[in-house]
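Here is what each chain is made of, one letter per residue.
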Amino acid sequence: MSSRNPETTLPWRVRAAILLRLFAIQGAWNYETMMGNGVAFALEPALRLLPGGHRGEPFRQAMTRHSGYFNAHPYLAAVAVGALARAELDGVPVSQIERFRVAAPGPLGSVGDRLVWAGWLPFSSCVALLAFGLGLSPGGVVLVFLGTFNLLHLGLRIWGLNAGWSQGLDVAATLANPVLRQAPAYVARATALVAGMALPVAAHGIIGPGRVLLGGVLASVATGALIVTLLHGRLEGWRLATLALAAFVLFSMVR
Amino acid sequence: MTLEMFRIDDRLVHGQVVVGWGQPCALGFLVLVDDAVAQSAWEQDLYRMGVPPEMEIIFDTVVTATARLSEYRADCRTGMLITSDIDTMVRLAAALPDIRNVTVGGVHHKPGRIARARYIYLTPEEALRLQALAACGVTVVAQDVPQGAATPLDVLLRGEGPT
């Protein structure tokens, strides 16, 4: 689609600044522009390299362009940020850049949702549950979860920025990476395997060798399942999770 | 199963479609109707990468989608047809009277659009077009994901949709 200029370079200092800013890509998230402000914020160090620097008209126009609506997966948005930085510094026509800004978010969101939210997050949770069942301390369980989850999280951000920069707007080839295409299916199988190991071990960890708590645990699970089924379509998942968490905290305090 | 769902969503292929609807509804194919995308190879490549390997994605213009709808209806897999804007869906519905249900899944902010729900912003003209669609007997609802409630058009246009 676009011819990349091999002479365009991105200094390591600028690349590091973009990477650091990518962690705040949702910092100004809102329903109107979604992560548009964050994309402009992450791109800003690269856009300073445009003719005229940060006081120049190209910089101002590019910042305005990239502050508009943009909604992708926050981790894979790094691919778009890298590609947009390359396109801006290569002087790709604005019409192509704007078309890319419309077309790229959906596929990046789709790939990210399948790989991270529907794949790696449940997998990391099951690994942490297994660690809990095996008797790891609470702090250790948290560390196992954070370590597992962030392995992919950090990897995706670093890889995404580099891949986007090297491919420019021809980023479809990047998304054709077998890891992104096939990994969700393998991660789902791995999650099922780890969940199968973790659930009985964790249940044993909660209930203990006796069966005193078994009835209470089973009744709680059945009640929870009934409530979730009844609320289906009436209450969003995050609200339900917040209510459950609040009830748990309240119970812990009263107890 | 058949082509059952008709969705307006300016993001076209994205997580809510592929994961949110795709997994619980076992979507086997997506029909993306957009005159510009149907002419753009690189955009098609991009959208193709957004769907899982087991899901087929088909690119159509309004004209080709109209001609092939009976073929999609006869497909044994469950399918969803997506347009990125209201105009395209209105043109399709005018050509295909058997479209009886349309879901507005996402129309996002642009200058001139007013918030009707957290994921739907409409200009007064777009609101009128949706009302005209409903007046033709098409049931129009707003719903982003299957877990969310379907908001009827009149409720949505009163600004009482999901916030």
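Residues numbered from 1 in each chain as written. Chains lettered and ligands numbered in written order. Predicted model: local features only at pLDDT ≥ 70, side-chain atom pairs only at ≥ 80, totals over all residues.

Peer 1: If you had to explain the overall build of chain B to someone new, which residues and values would you point to?
Peer 2: Secondary structure summary: chain B contains six helices and nine strands in total. Relative to the 2.2 N^0.38 estimate, which gives 15 Å for 163 residues, the radius of gyration of chain B is 15 Å and therefore close to what a compact globule would have. Looking at the 163 residues of chain B, the share that counts as buried comes to 43%. Pairs at least 24 residues apart make up 73% of the contacts formed inside chain B by residues separated by at least 6 positions. (Helix = DSSP H or I, 4+ residues; strand = E, 2+ residues; numbered from the N terminus. Rg over C-alpha atoms; globule rule 2.2 N^0.38 Å. Buried ≥ 20, exposed ≤ 12 C-beta atoms within 10 Å, placed from the backbone. Contact = placed C-beta atoms within 7 Å.)

Peer 1: Which residues make up the overall build of chain A, and what are the values?
Peer 2: When you go through chain A residue by residue, the secondary structure sums to eleven helices and zero strands. Mapped in sequence order, the helices and strands of chain A form the string α-α-α-α-α-α-α-α-α-α-α. Radius of gyration (C-alpha) of chain A: 23 Å, far over the 18 Å computed for a compact globule of 255 residues. C-alpha atoms of chain A, sized along the principal axes, occupy 75 × 35 × 30 Å. Buried positions account for 35% of the 255 residues belonging to chain A.

Peer 1: Please give an account of the sheet that holds strand E4 (residues 78-83) of chain B that cites residues and values.
Peer 2: Residues and elements named next belong to chain B. Judged by pairing direction, the sheet is mixed, and its seven strands sit side by side in the order E3-E2-E4-E1-E5-E8-E9 without closing on themselves. Edge positions in the sheet fall to strand E3 (56-60) and strand E9 (151-152), since each of these pairs with one other strand and no more. On top of the sheet, helix H3 (residues 62-73) reaches strand E1 (3-9), strand E2 (27-33), E3 and E4; it is set at about 160° to E2, its chief contact. (Pairing = 2+ DSSP bridges. Axes fitted to C-alpha atoms, helices over the stretch in contact; angles between N-to-C directions.)

Peer 1: So what's going on with the nonpolar core? Which residues, and what values?
Peer 2: Grouped together as the largest cluster of nonpolar side chains are 105 residues, with contacts concentrated most on Ala77(A), Val81(A) and Leu32(B). Here the element with the most residues in this core is helix H6 (residues 105-133) of chain A; it accounts for 14 residues. Leave out the neighbours within four places in its chain, and Leu32(B) touches Leu12(B), Val13(B), Val37(B), Tyr47(B), Ile57(B), Ile58(B), Phe59(B) and Ile82(B). (Core = buried A, V, L, I, M, F, W, Y, C linked by C-beta atoms within 7 Å.)

Peer 1: Help me get a handle on the environment of Trp120(A), residues and values and all.
Peer 2: Residues and elements named next belong to chain A. One can find Trp 120 in helix H6. Judged by the 24 C-beta atoms lying within 10 Å of it, Trp 120 is buried. C-alpha separation for the pair Trp 120 and Arg 101, spaced 19 residues apart in sequence, amounts to 26 Å. Once residues within four sequence positions are removed from consideration, Trp 120 is found in contact with Leu 115, Phe 149, Leu 152 and Val 187.

Peer 1: Tell me about the pairing of E3(B), and name the residues and values.
Peer 2: All names here are of chain B. One ladder, built from five bridges, connects E2 with E3; its direction is parallel. Within the sheet, the bridge partner assigned to Phe 29 lies in E3 and is Glu 56. As for the winding sense of the linkage, the β-α-β connection from E2 through helix H2 (residues 41-49) to E3 is right-handed. (Right-handed = clockwise from strand over helix to strand, strands pointing away.)

Peer 1: Can you lay out helix H4 (residues 77-90) of chain A for me, pointing to particular residues and giving the numbers?
Peer 2: For an α-helix, the turn length of 3.6 residues means that residues three or four places apart are oriented alike. Residues and elements named next belong to chain A. For H4, which comprises 14 residues, the first-to-last C-alpha distance of 20 Å matches the rise-based estimate of 20 Å (1.5 Å per residue) to within 8%. Within H4, 13 of the 14 residues are buried, leaving the element largely enclosed by the surrounding structure. One or two steps after H4, the chain reaches Gly 91, where phi turns positive at roughly 75°. (Expected span 1.5 Å × (residues − 1).)

Peer 1: Help me get a handle on the interface of chain A and chain B, residues and values and all.
Peer 2: With 29 residues of chain A at the interface, the matching set in chain B holds 23 residues. Going through the elements one at a time, H6, helix H8 (172-175) and helix H9 (178-207) of chain A are the ones with two or more residues in the side of chain A that touches chain B. A per-element tally of the side of chain A that touches chain B places H6(A) first, with ten residues. In terms of residue class, the side of chain A that touches chain B is made up of 13 nonpolar, ten polar and six charged. (Nonpolar A, V, L, I, M, F, W, Y, C, P; charged D, E, K, R; others polar.)

Peer 1: Mind laying out the domain arrangement of chain A, listing which residues take part and the relevant values?
Peer 2: Partitioning chain A into domains gives domain 1 (12-106) and domain 2 (210-255). Between the C-alpha centres of domain 1 of chain A and domain 2 of chain A there is a distance of 42 Å. (Domains from an automatic or database assignment.)

Peer 1: Give a detailed account of H2(B), specifying residues and quantitative values.
Peer 2: Those residues of H2(B) that sit buried are Glu43(B), Leu46(B), Tyr47(B) and Met49(B). When H2(B) is viewed along its axis, its buried side chains cluster within an angular range of 160° and face the same direction. Of the surrounding secondary structure, the elements contacted by the buried residues of H2(B) are helix H5 (94-103), H6 and H8 of chain A together with E2 and E3 of chain B. (Arc of directions from axis to C-beta.)

Peer 1: How would you explain the packing of H6(A) against H2(B) if you had to name every residue and give the values?
Peer 2: Between H6(A) and H2(B), the shortest axis-to-axis distance is 8 Å and the interhelical angle comes to 20°. Taken together, the axis directions place H6(A) and H2(B) in an arrangement best described as roughly parallel. Of the two elements, H6(A) crosses H2(B), and the hand of that crossing is left-handed. Of the residues in H2(B), those in contact with Gly106(A), Pro107(A) and Val111(A) of H6(A) are Leu46(B), Tyr47(B) and Met49(B). Partitioned by chemical class, the residues of the contact of H6(A) with H2(B) number five nonpolar, one polar and no charged. (Parallel < 35°, antiparallel > 145°, perpendicular 65-115°, else oblique. Left-handed = near helix turned anticlockwise from the far one by under 90°.)

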